[in-house]
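Structure at a glance
Chain by chain, the residues run as shown.
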Amino acid sequence: MVSYWVKTPRWLKKLFPPEMIWDIPYESDPAVYLTFDDGPHPTATPFVLEQLEKYDAGATFFCVGNNVARYPDVYTRLQKSGHTTGNHTYNHINGWKTTNSHYLKNIEQAGKHIHSRLFRPPYGRIRLSQFRKLKRKDPRWKIYMWDVLSADFDRDITPQQCLDNVLSNIRPGSIVLFHDSEKAWERMNFALPHVLEYCRKQNWKMKALPA
């Protein structure tokens with residue numbers, strides 16, 4: 001049974017603080033924002049970087065701290081590629097299932113490896129109190145969510161369904177969520193090149209999220 005929205009509904013966005021960013025409104029220059037969670041990964045991340053370079057696309061990688069510690073060479077390559085990185089906690093923890101103090105300490109631990117003030121809560125689950133404490137501690141934090149979910153993590157869908165999830169919903173201003181992870185690999189490595197080609201044909205720029 002599917003327990004997620006591929007296209008984030010407007011009413012859901014309104015339940016969260018307005019400072020949480022779900023999409024990027026544009027005025028004249030249409031652009032989309034591809035993002036990748038849960039890396040770095042020794043196979044998936046280099047593949048993504050190669051595809052992005054091929055299409056002259058920018059992107060944002062929300063990295064898990066212990067994966068950065070595990071694969072420092074991959075993370076260094078990611079940084080040198082010029083893409084933007086963000087914090088995705090140290091252990092990919094669920095904010096709804098942990099105390100505020102532990103959640104913030106986990107973000108801080110990841111921050112020792114990931115020097116960024118961009119943050120995305122794993123699973124999109126963060127308590128309002130956690131959000132407020134994070135912003136109070138450092139107002140520079142930008143919390144990014146997403147507008148389109150590829151669902152590449154879902155082993156019950158096909159690679160083609162993953163691609164359709166994106167192509168049916170992506171629009172200028174969309175923040176699209178993929179994963180550079182083992183779990184998502186089969187679907188992501190099929191869908192991503194097609195998404196990049198589609199965006200190029202639409203003459204949409206592909207940018208990293210504003211820092």
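Our structure is the block above this text.
Overview of the structure.

1. Description of the side chain of Asn-67
Checked against the element boundaries, Asn-67 lands in helix H3 (residues 65-70). For Asn-67, a relative accessible area of 14% corresponds to the buried category. Reaching out from Asn-67, the side chain makes a polar contact with the backbone oxygen of Asp-38 at a distance of 2.7 Å. If near-sequence neighbours (up to four positions away) are discounted, Asn-67 is found in contact with Asp-38, Gly-39 and Pro-40.

2. Side note on the packing of aromatic side chains
Counted according to the given criterion, the structure contains 10 aromatic pairs. Summarising the aromatic geometry, the rings of Trp-5 and Trp-11 are spaced 5.5 Å apart at their centres and angled 85° between planes, so their arrangement reads as edge-to-face. Residue class for Trp-5 comes out partly exposed when judged on its relative accessible area of 45%. For the ring pair Phe-119 and Trp-141, a centre distance of 6.2 Å and an interplane angle of 80° mean the geometry is edge-to-face. Note that Phe-119 is positioned in strand E4 (residues 118-119) and Trp-141 in the loop between helix H6 (128-137) and strand E5 (142-143), a separation of 22 residues in sequence. For the pair Phe-119 and Trp-141, one class covers both residues: buried. Taken together, Phe-16, Trp-22 and Trp-146 form an aromatic cluster joined through their ring pairs. Over the face of the ring belonging to Trp-141 we find Arg-117, whose NZ or CZ atom lies 4.7 Å from the ring centre.

Reading guide: rules and limits
Residues numbered from 1 in each chain as written. Predicted model: local features only at pLDDT ≥ 70, side-chain atom pairs only at ≥ 80, totals over all residues. Heavy atoms only, no water. Helix = DSSP H or I, 4+ residues; strand = E, 2+ residues; numbered from the N terminus. Buried < 20%, exposed > 50% of the residue type's maximum accessible area, 1.4 Å probe, protein only. Polar contact = N/O pair within 3.5 Å; in protein donor to acceptor, adjacent residues only side chain to side chain. Contact = heavy atoms within 4.5 Å. Phe/Tyr/Trp six-rings, centres within 6.5 Å; stacked < 30°, edge-to-face > 60°. Lys NZ or Arg CZ within 6 Å of the ring centre and 35° of its normal.

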